[in-house]
Structures are given as C-alpha cells and as structure tokens.
Amino acid sequence: ILFLSSTLFFSCTTLRDYSTVYNELGSKNYDLAYQQLEAEKESIYTDKDELLYSLDSGLLAHYNHDYKESNSKLSNAERLIESYYSKSISQGINSFFINDNVQDYSGEEYEDIYSNLFMALNYIHLGQIEDAFVEIRRFDNKQKSLSVKYAEELAYAKENAEGNLDASIQFNNSALARYLSMILYRSRNQMDSAEVDRKKITEAFQTQPVLYPFDIPLAVNEEFSIPKDMARLNIMSFAGFAPLKFEESMGDISENGFTFKISIPEMQKRGTQVDSISVLVFGKNGESYVEKMEKIESLENIAYDTFNQKRALIYAKAFIRSMSKTAVSTTFDVLSSQSDDNETAFALLALASKVWIVASEAADLRTSQFFPAEAYVGGITLPEGEYVVEVRYLDKHNRLLSSEVFENVIVSKNKINLVETLCVK
C-alpha cells in the first residue's frame, strides 16, 4: 500500500495555470506578466521544475526589457541543463519504475540552444557586444553537437525497443543566429566576417528546406550595400509561441488479464495569427520610410525537429519500463493462479499491479511556455538621426492584430541599431 501510494503521488503532474500571465502578455503588459509569474511561482512549479521556472521567467524578463535579470535567469537555466545531463543515477532509476515526472526537468534541445540567442540579444541591448558574440558562439557550438549528443543512447534504444525509432534531425545551421552575427560584424565594419555569415545563411536555407520553407530575406543582402554616409536600422520581430506537449497513450487490457500501457509526450505547434509585419519610420523633419519584414526562422519547426531525437529515447525508455511493469503483474497473476485461495496476497498484488501500471504511467508534458514561434527581420538605411518607429502586425486578411511604437530611436553609423518587438497572437 505504501509503495502504491508513493507511486501514485510521484505520477501526478502539476496542473499549471498560466492564464493570468498570458492575459497580461496579450495586453502587452510585460511587467505585469513577469510579476504575475513570480506571484504564482509556488502554484505553477514544483521542486523538480527549477529549470522550467528559469526559462519562463528569463524570457518574460527579456520581453519586459529587464535584460540583466533575463541573463541571470537564462544563465541559471543553462547551468541547470548542463548539470542535469549527467544527473544522479537515483532519479533515472525511479523514472524507469514510475515515470519521467519524478526527474528534474532537464529541458528540450531548442530551449538550451535558443537561451543563448536571447542572452545575446540581452547583451546587445545592454551595449555589451563582446558578450553577445560569446553567446552566439555558444549557440553555434551547441547546435553543431546535436547530432552526436545522444548517439550512444540512441544506439542502445534501437537495440532494446520495438518499432522504428526515427531519431534523425535536420537542424544543423541557424539562419537567425547567423543573421544576428552578421549585423554585429557589419556594425563593426568587419565585412569579411559578415560575408561568412551571409554564406552560412544561404546554406541554412539550401540544406534544410523542411525547416526553412520560405525565401531568404532580402534584408540579408541589403546589409552589404549601405552608403558610407548612411546608417542602418535593424528590426527583429517575434510572433506567436513555440509548441506545447500533449500525451499520447498506447495500451490494452486483454481477456487473459495482460495489462500494457505506454504514455509518451508529443509536440503540437501553436503557431501564430501573424501573416505579415510592416515597419513605418518617421523622421524629425517629416520624412517617412516603410519596410516589410521577412521571416528568417521558424523556431517551432526547429523545436519540433530537435524533439524527435529525444522522443526516440523517451519511447524506448517507456517501452522498457512498461514491459518491466507488465512482467511484475504477470508474475503475480501466475502465482495467484497457482494458489488455492483466490484472495491470497498474490491475488491482491496482481490486482494492485494492474492499477499501478495504468495509474503510474504518465508522460512528462513539461516544456517552457514563452519561446516565440517565428522570427522576422528587416532593415532600413537612413541618415543618422532620431526617429519614431512603428511596427504593425497583420493577419492573413490584412487586419491589424497589434502594433508597437518606439519613440526617440537614435540611429548612428558604425554601431548596431536594433529594435526588437513581439506579437503574442
């Protein structure tokens, strides 16, 4: 009884209510969204969710322009991911007998990688360009190691689990990270290095068509044709939110009492209503400029793609765990059938083990809430000066979804002039 009680306790997943946070985000009250998450921290997260909290709060702090706080939270998330990768054996053993929810949340690959990109953006806004370059290099190194990170575990999984484990991933180059690196180099007039990034952007689109099913932004080439007496204003916009997880269960209770259940997480894209983004720039002397932004990266495509590799391991683990539970239940059934008394301890254990199989098998549906779904970029070549910038988000029917105005934007030569926006719809 004690064992089953503890099992059911560990198998329960927290019902996380982010509705008040999303309401504030929808109203562009980023400060209130962050405060709301902090106020509800104890009810949303468990002691196994420190990483999840660090990711969520780090992104909300970024949207609230609290860049130092965002870096603090996202740096802690990165540290936790590194430590959980080689977590103590005890949690791994418990997860084999119960489910993955008993482990500390260790993050998805895209969460780990894109945390560095948002830290790079934080440093750009803080004017710490060298630190921004460091984060972009960390992003690049992590992305390059994806294909080999789980190689040994996947080989073992394919040998010990039935079914076809499709664990290949396509993501090997990020156009968004390369674009950010390119405009940083261009702002320093290091055009040879910027040219390397431009070529890498082209390669990202050419070699990963499933992840980039849209055209290379024209703004990429425009970064190389800026007159010497002019400056460049760059705009980066994020839209929607990255995928969430849902549970997919497979199982059956046959006529002879054989009980089998597997529950695994699957990803579901949330997408965005945004179909196009326009930028209007107004100068002090009445001049105006218009630019249409272009999509450069689908973070939701990359989240979905990189999840496949981990999903194969999750399936293999769930399969082995379910077979182990079923073996225990079947053993109790055999011992009970060999007993003269149908109400022996073995009969009770056989019944309890069937309940245990069904109740304890639960997919780990934890995932960060606030990474964006898509990224857009744009740029306008301007005389040096002070401007008002308005960003308008439109749906597929050309209806205005949201807009954001930035006053007193100073645009100067030989520096990066970056405006960043978000539409959560």
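Refer to the structure above for everything that follows.
Just so we're clear, the structure is a prediction, and the values are computed from it rather than from any experiment.

*Asks:* I keep staring at the packing of helix H12 (residues 175-187) against helix H13 (residues 191-207) and nothing clicks. Help me out?
*Replies:* Pairs of packed helices are described in terms of their axes, by the angle between the two and the distance that separates them. At a minimum axis separation of 8 Å, H12 and H13 run at an interaxial angle of 165°. With respect to H13, the element H12 is oriented roughly antiparallel. For the pair H12 and H13, the crossing hand works out as left-handed. For the pair H12 and H13, the contacting residues are Ala-175, Arg-178, Tyr-179, Ser-181, Met-182, Tyr-185 and Arg-186 in the first and Met-191, Ser-193, Ala-194, Asp-197, Arg-198, Lys-200, Ile-201, Ala-204 and Phe-205 in the second. For the contact of H12 with H13, the per-class residue count stands at 9 nonpolar, 2 polar and 5 charged.

*Asks:* When you look at the sheet that holds strand E1 (residues 231-239) in this model, what are you seeing that I'm missing?
*Replies:* In a beta sheet, neighbouring strands are held together by backbone hydrogen bonds and run either parallel or antiparallel to one another. Strand order in the open sheet formed by 4 strands is E6-E7-E1-E10, with mixed pairing between adjacent strands. Each of the sheet's edge strands pairs with one partner strand only, and the pair in question is strand E6 (294-298) and strand E10 (417-423). Neighbour to neighbour, the strand axes of the sheet diverge by 25° on average, direction disregarded. Where E1 meets E10, 7 bridges bridge the pair, whose relative direction is parallel. Each bridged residue has a counterpart across the sheet, and for Ile-235 the counterpart in E10 is Val-419.

*Asks:* Before we go on, may I ask you to explain the sheet that holds strand E4 (residues 276-283) in this structure?
*Replies:* Overall, antiparallel pairing links the 4 strands, which are arranged E5-E4-E8-E9 in an open sheet. A single partner strand is all that each edge strand has here, and the edge strands are strand E5 (288-292) and strand E9 (400-411). Mean inter-strand twist for the sheet, computed between neighbouring axes without regard to direction, equals 15°. Bridging between strand E8 (residues 385-394) and E9 involves 9 bridges; their strand directions are antiparallel.

*Asks:* Looking at this structure, I do not really get the packing of aromatic side chains. What am I missing?
*Replies:* How two aromatic rings sit relative to each other is given by the distance of their centres and the angle of their planes. One pass over the structure, following the stated rule, counts 17 aromatic pairs. A centroid spacing of 6.0 Å and a plane angle of 65° characterise the contact between Tyr-212 and Phe-214, whose relative ring orientation is edge-to-face. Phe-214 carries the same exposure label as Tyr-212, and that label is buried. A connected cluster of aromatic rings, assembled from ring pairs, spans Tyr-18, Tyr-22, Tyr-45, Tyr-53, Phe-241 and Phe-370. For the cation-ring pair, Arg-198 lies above Phe-224, with the distance from its terminal atom to the ring centre recorded as 3.8 Å. Directly above the aromatic system of Tyr-304 lies the positively charged group of Lys-269, at a separation of 5.5 Å from the ring centroid.

Rules and cut-offs
- Residues numbered from 1 in each chain as written.
- Predicted model: local features only at pLDDT ≥ 70, side-chain atom pairs only at ≥ 80, totals over all residues.
- Heavy atoms only, no water.
- Axes fitted to C-alpha atoms, helices over the stretch in contact; angles between N-to-C directions.
- Helix = DSSP H or I, 4+ residues; strand = E, 2+ residues; numbered from the N terminus.
- Parallel < 35°, antiparallel > 145°, perpendicular 65-115°, else oblique.
- Left-handed = near helix turned anticlockwise from the far one by under 90°.
- Contact = heavy atoms within 4.5 Å.
- Nonpolar A, V, L, I, M, F, W, Y, C, P; charged D, E, K, R; others polar.
- Pairing = 2+ DSSP bridges.
- Phe/Tyr/Trp six-rings, centres within 6.5 Å; stacked < 30°, edge-to-face > 60°.
- Buried < 20%, exposed > 50% of the residue type's maximum accessible area, 1.4 Å probe, protein only.
- Lys NZ or Arg CZ within 6 Å of the ring centre and 35° of its normal.

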